[in-house]
Amino acid sequence: MPRLDPPEVDRAAASRAAVAARRARAEVKRSIAEKRRSPLDVLESGWSMPGSAEATLRVRELVSSVPGLGPVRSLRILADLGISESKRVGGLGVRQRGILHDWFSHRERRESPP
């Protein structure tokens with residue numbers, strides 16, 4: 001039986017790509033925390049561009065980056081919505097997308113001034 005050799009991997013390039021992806025996700029979370037972007041905008045971007053930083057962001061991190069929602073509240077909200085804390089924005093199903101979109105829409109309407 002022939003021996004299979006694993007493909008050569010450029011570990012330095014992979015490391016640089018991983019750092020760039022983490023920085024991009026951190027910037028998305030920062031923009032939500034500073035209210036430069038709305039969570040609905042991030043959801044729409046993540047769903048329309050599958051490989052983007054928004055799509056690879058965990059839903060738990062998205063919810064907890066909203067001002068006023070910490071890690072404990074975020075986990076409770078996700079449990080109430082029926083969304084696993086390990087899910088990524090781009091990995092949500094149609095039903096979960098609708099539930100999360102409706103939840104953020106309701107929250108934004110409630111917080112907007114009359």
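Heads up: the structure comes first, above all this text.
Computed from a predicted structure; not experimentally measured. Numbers given to residues run from 1 along each chain, matching the order in which its sequence is written. Given that the model is predicted, a residue must reach a pLDDT of at least 70 before its local features are reported, and side-chain atom pairs must reach 80 or more before they are shown or counted; all residues, however, enter totals for whole chains, interfaces and linings. Each side-chain value is derived from all of the structure's non-hydrogen atoms; neither hydrogens nor water enter the calculation.

Observations concerning the pattern of salt bridges
- Salt bridge, as used here, is a side-chain nitrogen of Lys or Arg placed within 4 Å of a carboxyl oxygen of Asp or Glu. Summed over all chains, the structure comprises 5 salt bridges.
- Of the charged contacts, one joins Arg36 and Glu34 as a salt bridge, the two residues approaching to 2.9 Å between their closest N and O atoms.
- The class for Glu34 is partly exposed, based on a relative accessible area of 48%.
- In this structure, Asp41 engages Arg37 in a salt bridge whose closest nitrogen and oxygen atoms are separated by 2.8 Å.
- A relative accessible area of 34% places Asp41 in the partly exposed class. Exposure categories follow from relative accessible area, calculated using a 1.4 Å probe and restricted to protein chains: below 20% of the type maximum is buried, above 50% is exposed, and the middle band is partly exposed.

Concerning the side chain of Glu54
- The residue Glu54 is located in helix 3 (residues 53-56) in this model.
- A relative accessible area of 11% means that Glu54 is categorised as buried.
- For the purposes of these results, a polar contact is taken to be a pair of N or O atoms within 3.5 Å, where, inside protein, one atom must be able to donate a hydrogen and its partner to accept one; residues adjacent in sequence count only when each atom of the pair is a side-chain atom. A distance of 2.7 Å separates polar atoms of two side chains, one belonging to Glu54 and the other to Arg37.
- Note on definitions: a residue-residue contact is assigned when non-hydrogen atoms from the two residues lie within 4.5 Å. Apart from residues no more than four positions distant in its own chain, Glu54 is found in contact with Val28, Arg37, Val42, Ser45, Gly46 and Val89. What counts as a helix is a DSSP run of H or I of at least four residues, what counts as a strand is a run of E of at least two, and both are numbered from the N terminus.

Examining the environment of Gly82
- Structurally, Gly82 can be placed in the loop between helix 5 (71-81) and helix 6 (94-111).
- For the pair Gly82 and Gln96, spaced 14 residues apart in sequence, the C-alpha to C-alpha distance is 7.8 Å.
- Apart from residues lying up to four places away in sequence, Gly82 is in contact with Arg95 and Gln96.

Focus on unusual backbone geometry
- The phi dihedral of Lys35 falls on the positive side, at around 60°, and the residue is not glycine.
- You can see Lys35 is positioned in the loop between helix 1 (11-33) and helix 2 (39-48).
- Given a relative accessible area of 65%, Lys35 falls into the exposed group.

A look at the packing of aromatic side chains
- Any two of the Phe, Tyr and Trp rings considered here, Trp counted by its six-membered ring, make a pair once their centres fall within 6.5 Å; the pair's planes then place it as stacked at under 30 degrees, edge-to-face at over 60, or tilted in between. Counting across every chain of the model gives 1 aromatic pair.
- When the ring of Trp103 is compared with that of Phe104, the centres are 5.2 Å apart and the planes differ by 75°; the resulting orientation is edge-to-face.

Quick look at the side chain of Ser52
- Mapped onto the fold, Ser52 is located in the loop between helix 2 and helix 3.
- A relative accessible area of 13% means that Ser52 is categorised as buried.
- Here Met49 takes part through its backbone oxygen, which lies 2.8 Å from a polar atom of the side chain of Ser52.
- Here Ser52 is in contact with Ser45 and Gly46, once residues within four sequence places are set aside.

With respect to the nonpolar core
- Throughout, nonpolar core names a set of buried Ala, Val, Leu, Ile, Met, Phe, Trp, Tyr and Cys residues whose side chains join them through atoms within 4.5 Å. One finds Leu43, Val59, Leu62, Leu100 and Phe104 to be the most contacted residues of the largest nonpolar core, which totals 21 residues.
- By residue number, the principal contributor to this core is helix 2, which donates 4 residues.
- Leu100 has contacts with Leu43, Val59, Leu81, Ile83 and Leu92, leaving out every residue within four places of it along the chain.

Remember that the coordinates give geometry; whether it matters functionally is a separate question.
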